[in-house]
Amino acid sequence: MSTLEYTVSMLETMPEDRLKEVQNYIRYIAFRDEGSVLTEMLTEDTLVEQLRESMEKSDMGETVPASVVSQRMRKKYVV
């Protein structure tokens, strides 16, 4: 049995909610290198600068509620 055949046989017995998880993960793998996800390594200086800016914004009250962040992530990554 080939890898593809074995994978298909597992998918055929999987419940619908699990199939959606698999689909979302495959979508993530397929599109992660197209700029939607960070693909290049940050230098230590760049990372420190980004963290400093983020902390300054937080100190000034420029935050986004967790519910909004969660909603954006669902919209972007879940079908």
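Just so you know, these numbers come straight off a predicted model, no measurement behind them. (Residues numbered from 1 in each chain as written. Predicted model: local features only at pLDDT ≥ 70, side-chain atom pairs only at ≥ 80, totals over all residues. Heavy atoms only, no water.)

Right, let's talk about the overall build of the chain for a bit. Summing up its helical and strand segments, the chain has four helices and zero strands in all. Starting at the N terminus and ending at the C terminus, the chain contains elements arranged as α-α-α-α. Summed over its atoms, the accessible surface of the chain is roughly 7,400 Å², and 57% of this surface lies on carbon and sulfur atoms. (Helix = DSSP H or I, 4+ residues; strand = E, 2+ residues; numbered from the N terminus. Areas by Shrake-Rupley, 256 points an atom, 1.4 Å probe, with all protein chains shown as cover.)

By the element assignment, glutamine 23 lies in helix H2 (residues 16–36). Taking relative accessible area as the criterion, glutamine 23 reaches 41% and is therefore assigned partly exposed. Counting along the chain gives 55 residues from glutamine 23 to valine 78, while the straight-line C-alpha distance between them is 9.3 Å. (Buried < 20%, exposed > 50% of the residue type's maximum accessible area, 1.4 Å probe, protein only.)

Among the surface-exposed residues, Tyr25, Tyr28, Ile29, Val64, Val69, Met73, Tyr77 and Val78 lie close enough to one another that they form a single nonpolar patch of about 700 Å² accessible area. Mapped onto the nonpolar patch, the elements with two or more residues apiece are H2 and helix H4 (66–77). Take tyrosine 25: it is sitting in helix H2. (Patch = residues over 30% accessible without salt bridge, like charges linked within 9 Å, V, L, I, M, F, W, Y side chains within 5 Å. Salt bridge = Lys/Arg side-chain N within 4 Å of Asp/Glu carboxyl O.)

So, on to H4. The end-to-end C-alpha distance of H4 is 16 Å, a good match for the 16 Å that 12 residues give at a rise of 1.5 Å each. Among the 12 residues that make up H4, zero are buried, leaving the element largely open to the surroundings. (Expected span 1.5 Å × (residues − 1).)

For an α-helix the count is 3.6 residues per turn, leaving residues at separations of three or four pointing the same way. Here helix H3 (residues 44–59) spans 22 Å end to end across 16 residues, near enough to the 22 Å set by a 1.5 Å rise per residue. At the exit of H3 stands glycine 61, carrying a positive phi of roughly 85 degrees.

Moving on: the environment of lysine 20. By secondary structure assignment, the location of lysine 20 is in helix H2. On a C-alpha basis, the gap between lysine 20 and valine 78 in space is 8.6 Å, while along the polypeptide they are 58 residues apart.

Moving on, we get to the confidence of the model for the chain. Summary statistics for the chain give a mean pLDDT of 83 and a share of 87% for residues scoring 70 or more. Considering each helix and strand of the chain separately, the mean pLDDT is smallest for H2, with a value of 79, and largest for helix H1 (residues 3–13), with 90. (pLDDT = per-residue confidence, 0-100.)

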